Amino acid sequence: MNFLPLPERFDANEWFIVAGLVCGYAVMIPLRKRFPVTVFILTLFYGMTTAKLMDATIGFTSLNFYDINDSPKYEAMDALLHFLYLPFAYFFVYLYDRWNVRGIYVLPYLIAYSLLGVGLEELGNLAKVFTYQKWRLVYSFTLYLYLQSLLLLYFKWLMKHYRRTKAEPDPSSKI
Amino acid sequence: MVLSVSLIVVLAFLILLATAPKNMHLFELLFNGMTLNFFHVSQFSMFNNLKLISVSGHLDKLISFVCIRYVVFTAFVLFYLQLYLALRSGLAKSALTLACVALLVLAQYALQWAGILYFSSQTGLWSTAAWLAIVLLTLAGMKLFRHLARKEVKLP
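Note that the structure is predicted; figures quoted are calculated from it, not measured.

> Describe the overall build of chain B, and please don't skip the residues or the numbers.
For chain B, the helix and strand inventory stands at 5 helices and 2 strands. Secondary structure elements of chain B occur, N-terminal to C-terminal, as α-α-β-α-α-β-α. For chain B, whose C-alpha radius of gyration is 16 Å, the value lies close to the compact-globule estimate of 15 Å for 156 residues. The dimensions of chain B, computed from C-alpha atoms along their principal axes, are 45 × 30 × 25 Å. Counting the 156 residues in chain B, one finds 50% classified as buried. When contacts within chain B are restricted to residue pairs at least 6 apart in sequence, long-range pairs at least 24 apart make up 82% of them.

> Please give an account of helix H4 (residues 85-98) of chain A that cites residues and values.
Residue and element names in this part refer to chain A. For H4, with 14 residues, the first-to-last C-alpha span of 20 Å sits near the 20 Å given by 1.5 Å per residue. Looking at H4, one finds that the buried residues are Tyr85, Leu86, Pro87, Phe88, Ala89, Tyr90, Phe91, Phe92, Val93, Tyr94 and Tyr96. Contacts from the buried residues of H4 go to helix H1 (12-28), helix H2 (37-59), helix H3 (76-82), helix H5 (106-126), strand E2 (130-132) and helix H6 (137-165). Just downstream of H4 lies asparagine 100, where phi reads positive at about 55°.

> A description of the UniProt feature "transmembrane region" (unreviewed entry) in chain A should follow, citing residues and the corresponding values.
Residues and elements named next belong to chain A. In the UniProt entry, the feature "transmembrane region" (unreviewed entry) is given for residues 12-31, 38-59, 79-96, 103-120 and 135-155. The span residues 12-31 shows a helical share of 85% and a strand share of 0%, and its end C-alpha atoms are spaced 29 Å apart. Regarding residues 38-59, the helix share stands at 100% and the strand share at 0%, and the terminal C-alpha atoms are separated by 30 Å.

> Explain the side chain of B:Gln108 residue by residue, including any values.
All names here are of chain B. If you trace the backbone, glutamine 108 turns up in helix H4 (residues 90-113). Since its relative accessible area comes to 4%, glutamine 108 is described here as buried. Those residues in contact with glutamine 108 that lie beyond four places of it in its chain are His40, Ile53, Phe73, Leu117, Phe119, Ser127 and Trp131.

> Can you tell me about the interface of chain A and chain B, naming the residues and giving the values?
Taken together, the contact between chain A and chain B spans 35 residues of the former and 32 residues of the latter. In total, about 3,000 Å² of surface goes out of reach between chain A and chain B, with carbon and sulfur atoms giving 75% of it. Between chain A and chain B we count 0 salt bridges in total. If you look at where chain A meets chain B, you find 9 residue pairs in polar contact (both at pLDDT 80 or more).

> So what's going on with empty space enclosed by the protein? Residues and values would help.
If a probe the size of a water molecule is rolled over the atoms, the empty space left behind becomes visible. The tally for this structure, following the rule as stated, stands at 2 cavities of 30 Å³ or more. Surrounding the largest cavity, 21 residues form its lining, A:Ala51, A:Tyr85, A:Leu143, A:Tyr144 and A:Leu147 being those nearest its centre. For the lining of the largest cavity, the elements supplying multiple residues, two or more each, are H2, H4, E2 and H6 of chain A. In terms of residues, the lining of the largest cavity owes the most to one element, H2(A), which gives 7 residues. The class makeup of the residues in the lining of the largest cavity is 15 nonpolar, 4 polar and 2 charged. The calculated volume of the second largest cavity comes to roughly 40 Å³. Every residue along the wall of the second largest cavity is listed here: B:Gln43, B:Phe47, B:Ile53, B:Gln108, B:Thr123, B:Ser127, B:Ala130 and B:Trp131. Take the lining of the second largest cavity: its biggest share by element is 4 residues, from helix H5 (residues 123-150) of chain B. Taken together, the residues of the lining of the second largest cavity sort by class into 4 nonpolar, 4 polar and no charged.

> An account of the side chain of A:Thr57 is requested, with residue identities and associated values reported.
Here A:Thr57 is to be found in helix H2. In this structure the side chain of A:Thr57 is engaged in a polar contact, spanning 3.1 Å, whose partner is the side chain of B:Tyr70. Residues within four places of A:Thr57 in sequence aside, it is in contact with A:Leu63, B:Val66 and B:Tyr70.

> Explain the nonpolar core residue by residue, including any values.
Core analysis: the biggest nonpolar cluster contains 40 residues, and A:Val39, A:Leu42, A:Tyr90, A:Phe92 and B:Phe27 have the highest contact counts within it. Of all the secondary structure elements, the ones that give two or more residues to this core are H2, H4, H5 and H6 of chain A together with helix H2 (26-49) and H5 of chain B. Ranked by residues supplied to this core, first place goes to H4(A) with 9 residues. The residues contacting A:Phe92, other than those within four sequence positions of it, are A:Tyr109, A:Leu110, A:Tyr113, A:Gln148, A:Leu151 and A:Leu152. Ranked by size, the runner-up nonpolar core spans 39 residues in total, among them B:Met24, B:Cys67, B:Val77 and B:Tyr84.

Parameters and conventions
Residues numbered from 1 in each chain as written. Chains lettered and ligands numbered in written order. Predicted model: local features only at pLDDT ≥ 70, side-chain atom pairs only at ≥ 80, totals over all residues. Heavy atoms only, no water. Helix = DSSP H or I, 4+ residues; strand = E, 2+ residues; numbered from the N terminus. Rg over C-alpha atoms; globule rule 2.2 N^0.38 Å. Buried < 20%, exposed > 50% of the residue type's maximum accessible area, 1.4 Å probe, protein only. Contact = heavy atoms within 4.5 Å. Expected span 1.5 Å × (residues − 1). UniProt positions renumbered as here; feature names shortened; annotations may be inferred. Buried area = accessible area lost by both parts, 1.4 Å probe. Salt bridge = Lys/Arg side-chain N within 4 Å of Asp/Glu carboxyl O. Polar contact = N/O pair within 3.5 Å; in protein donor to acceptor, adjacent residues only side chain to side chain. 1 Å grid on protein atoms, 1.4 Å probe; cavity = no way out; pocket = protein on both sides within 12 Å on 5 of 7 lines; lining within 4 Å. Points joined across faces, edges and corners; volume = space filled by probe spheres on them. Nonpolar A, V, L, I, M, F, W, Y, C, P; charged D, E, K, R; others polar. Core = buried A, V, L, I, M, F, W, Y, C linked by side-chain atoms within 4.5 Å.

Quick look at the structure:
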């Protein structure tokens, strides 16, 4: 019995995860300095935590809405898959801030990003990363819409709190 | 019955967490909570693979477990970490860590008694080792994040 099974064959689902991680992090790392380090870390953790909690709650339990990768068990590649959600969450707040999305434009932005999430998930389905049991792709759209709205509120809350408690620059470091 | 009791406990912990005085920055509370859940969920899934532990298939007990896992355990460890920061002596900190682990293991036994979790016979020892590892990893994460956060925000 294995506590964290490795893939028996390295096929499409594993390559999808590896390619996603390489591309995601290659783009994210150069863009990381837009926000303070603490806000950056907490935004990344939001992506990973929500994905992990969702999978642990409705994927791996007896509810079994879907299987991830090759079996219903928690595998090494499942653990890696959760790291794919970090750049996905970061790009969402990065583009929101970069494009200065405000007012009524927030809604189309949320819908467009949720559709992007659904598109990427469909690619994952084709690569057999996800095998749906009771789950439907349309549920994912609703879920992304909610989680990204929450991410936006969370990000704004973090930035507000950051500005309120920002440390004074050390005068000795100016020399 | 199990769900009602669980939700009352969850609510009590939420109220305690919201109202108790804090000696941590909001960012630290969020970071520590998420780190704990990351380690706990990973460890639990691995134990599930080894058939050392499993969750009840009844929906009410499953919901109870989800609420307890994400709210009660998180709030409990956040209280522990805040108390840890308030203590000065290394001995007191070690004793507090052991007490926290013991209470978390007892909580898991309480969940078994309520029929929410099922353990295999060797789980007691595994559970103690796992909670100790989770608490120590969360503690290490807290120290690392505190080091980073100190440069950017005013910590309490």
